[in-house]
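Secondary and tertiary structure notes
Spelled out, the chains give:
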Amino acid sequence: MKVVAGKSSPLLAKRIAEKLGCELAKTTYKVFPDGELYVRVERVDEAVVVQSLNSNDDLVQLMLIFDALGNAEITAVVPYMGYARQDREFNEGEAVSVRAIARTIESYADRVFTVNIHSEKAKSYFRKLVEVDAMPLIGEHYRGRDVVMISPDLGSLKRVETASKHAGCEFDYLEKVRISAEKVEIKPKSLNVKGRDVVIVDDIISTGGTIVEATKVLKSLGAKSVECACVHAVLAGDALNKLFNAGVSKVIATDTVEKSVSVVSVAEMLAKAISESRSSS
Ligand code: R5P
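Residues numbered from 1 in each chain as written. Predicted model: local features only at pLDDT ≥ 70, side-chain atom pairs only at ≥ 80, totals over all residues. Heavy atoms only, no water.

**Some thoughts on the pattern of salt bridges**
Pairing of side chains with opposite charge becomes possible as their charged atoms draw close. Inspection of every chain in the model, using the stated rule, returns 17 salt bridges. Glu 131 serves as the salt-bridge partner of Lys 123, at 3.2 Å between the closest nitrogen and oxygen. Among the residues examined, Lys 123 registers a relative accessible area of 26% and is labelled partly exposed. (Salt bridge = Lys/Arg side-chain N within 4 Å of Asp/Glu carboxyl O. Buried < 20%, exposed > 50% of the residue type's maximum accessible area, 1.4 Å probe, protein only.)

Structure, rendered in structure tokens:
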């Protein structure tokens, strides 16, 4: 068995390979002048392919890796399952994007692993998916610090509850009303953050809009400092600048999306889940 590192997850793939005690397969990735991708992968009998879906090219590359592996037994590790926020037909005629992604991945892979997929609905389109929860790791990161963890909305409350349990701190949530795809309005629920060091915890930071609004609310309520933590640091465009400009003092994330803020590794957790599933099949 070898680990195939997709272009979007080189560090995490290396870490998983180390935890599994196996080598990385040799790969060649190129881009043709017209933008098409080229993939060549060393032939192996069994492959653990690690590739987050943080761009359209990541998805195309993943399909090409699968194809290059021929008849190998394939474990697909998609640490960040992009497209999962479009998990239903919000307006008539829309594609259910994550359903299309699920069908594509599962037509090649024998088993699939991901970290904190956006919703139960998104998860329901997969038949072979094992989801692991990175919230305990985020909680451990803050253990021993006197912080209060805040979910920016009700949807993330369960996740934040788990993180806070592992951090040994209090938790609460803000009510969020989405005005449009670009704009959200956040109202406090039952917070007392005056003079407290606050950590906003979410699954994804994409444009940063949710965290910026939450930070404004928390600062206006007298929070002493605001940090934020997420599983998937998508950080589209200048999202990180937006967060710092809004007064966020620190951002941390896991390495499901490899960015400068990705200081918590999910490698061990994924390697353990992969080993368990191999020994039970
Ligand atoms: C929403 O349901 C998610 O949990 C995140 O809050 C959201 O995806 C973050 O997106 P953005 O950073 O663009 O506000």
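**Digging into the site of the ligand**
Around the ligand, the structure places 13 residues, and the nearest of them are Asp 202, Asp 203, Ser 206, Thr 207 and Thr 210. For the ligand, an oxygen atom lies 2.5 Å from a polar atom in the side chain of Asp 202. Residue Ser 206 places a main-chain N or O atom 2.8 Å away from an oxygen atom belonging to the ligand. For the shell around the ligand, the secondary-structure elements that each account for two or more residues are β11 (197-205) and α7 (209-220). A total of 4 residues in the shell around the ligand trace back to one element, the largest contributor, which is β11. Of the residues assigned to the shell around the ligand, the class counts are 2 nonpolar, 7 polar and 4 charged. (Near = heavy atom within 4 Å. Polar contact = N/O pair within 3.5 Å; in protein donor to acceptor, adjacent residues only side chain to side chain. Helix = DSSP H or I, 4+ residues; strand = E, 2+ residues; numbered from the N terminus. Nonpolar A, V, L, I, M, F, W, Y, C, P; charged D, E, K, R; others polar.)

**So, the packing of aromatic side chains**
The tally for this structure, following the rule as stated, stands at 2 aromatic pairs. Residues Phe 32 and Tyr 38 carry aromatic rings whose centres are separated by 6.1 Å and whose planes lie at 90° to one another, so their mutual orientation is edge-to-face. We note Lys 30 situated over the ring of Tyr 38; from NZ or CZ to the ring centre the distance is 5.0 Å. (Phe/Tyr/Trp six-rings, centres within 6.5 Å; stacked < 30°, edge-to-face > 60°. Lys NZ or Arg CZ within 6 Å of the ring centre and 35° of its normal.)

**Some remarks on the domain arrangement of the chain**
Per the domain assignment, the segments of the chain are domain 1 (2-133 + 266-280) and domain 2 (135-264). Taking only C-alpha atoms into account, the centre of domain 1 sits 27 Å from that of domain 2. Tallying the contact residues gives 18 residues for domain 1 and 18 residues for domain 2. Between the two partners, domain 1 and domain 2, sit 1 salt bridge. A salt bridge links Arg 15 to Asp 255, with the shortest nitrogen-to-oxygen separation between them at 2.7 Å. At the junction of domain 1 with domain 2, the criterion picks out 10 residue pairs in polar contact (both at pLDDT 80 or more). (Domains from an automatic or database assignment. Contact = heavy atoms within 4.5 Å.)

**A closer look at the sheet that holds strand β4 (residues 46-50)**
In spatial order, the strands read β1-β4-β5-β6-β7; together these 5 strands make up an open sheet with parallel pairing. Of all the strands in the sheet, the pair left with one neighbour each is β1 (2-5) and β7 (129-132). Adjacent strand axes in the sheet meet at a mean angle of 20° when their direction is disregarded. Summarising the sheet, β4 and strand β5 (residues 73-78) pair through 5 bridges and their orientation is parallel. (Pairing = 2+ DSSP bridges. Axes fitted to C-alpha atoms, helices over the stretch in contact; angles between N-to-C directions.)

**Description of the environment of Val 96**
By secondary structure assignment, the location of Val 96 is in the loop between β5 and α3 (97-108). Spatially, the C-alpha atoms of Val 96 and Arg 85 are 9.3 Å apart, while their sequence positions differ by 11 residues. Look past the residues within four positions of Val 96 in its chain and what remains in contact with it is Gln 86, Asp 87, Arg 88, Glu 89 and Tyr 125.

**Details of the packing of helix α5 (residues 135-142) against helix α6 (residues 157-167)**
One can describe the packing of α5 onto α6 by two numbers: an axis separation of 7 Å at closest approach and a directional angle of 40°. In terms of axis orientation, α5 runs oblique to α6. In this structure, the crossing between α5 and α6 has a hand that is right-handed. In this structure, α5 contributes Met 135, Pro 136, Gly 139, Glu 140 and Tyr 142 to the contact, and α6 contributes Arg 159, Thr 162, Ala 163, His 166 and Ala 167. (Parallel < 35°, antiparallel > 145°, perpendicular 65-115°, else oblique. Left-handed = near helix turned anticlockwise from the far one by under 90°.)

**Let's talk about the nonpolar core**
With 36 residues, the main nonpolar core has Ile 16, Tyr 142, Met 149 and Leu 270 as its most contacted residues. Both domains that furnish three or more residues to this core are identified here as domain 1 (2-133 + 266-280) and domain 2 (135-264). Those residues within four positions of Ile 16 in sequence are excluded, and the remaining contacts are Val 50, Val 77, Ala 267, Leu 270, Ala 271 and Ile 274. If you look at the next biggest cluster of nonpolar residues, it comprises 31 residues, including Val 39, Phe 66, Met 81 and Val 112. (Core = buried A, V, L, I, M, F, W, Y, C linked by side-chain atoms within 4.5 Å.)

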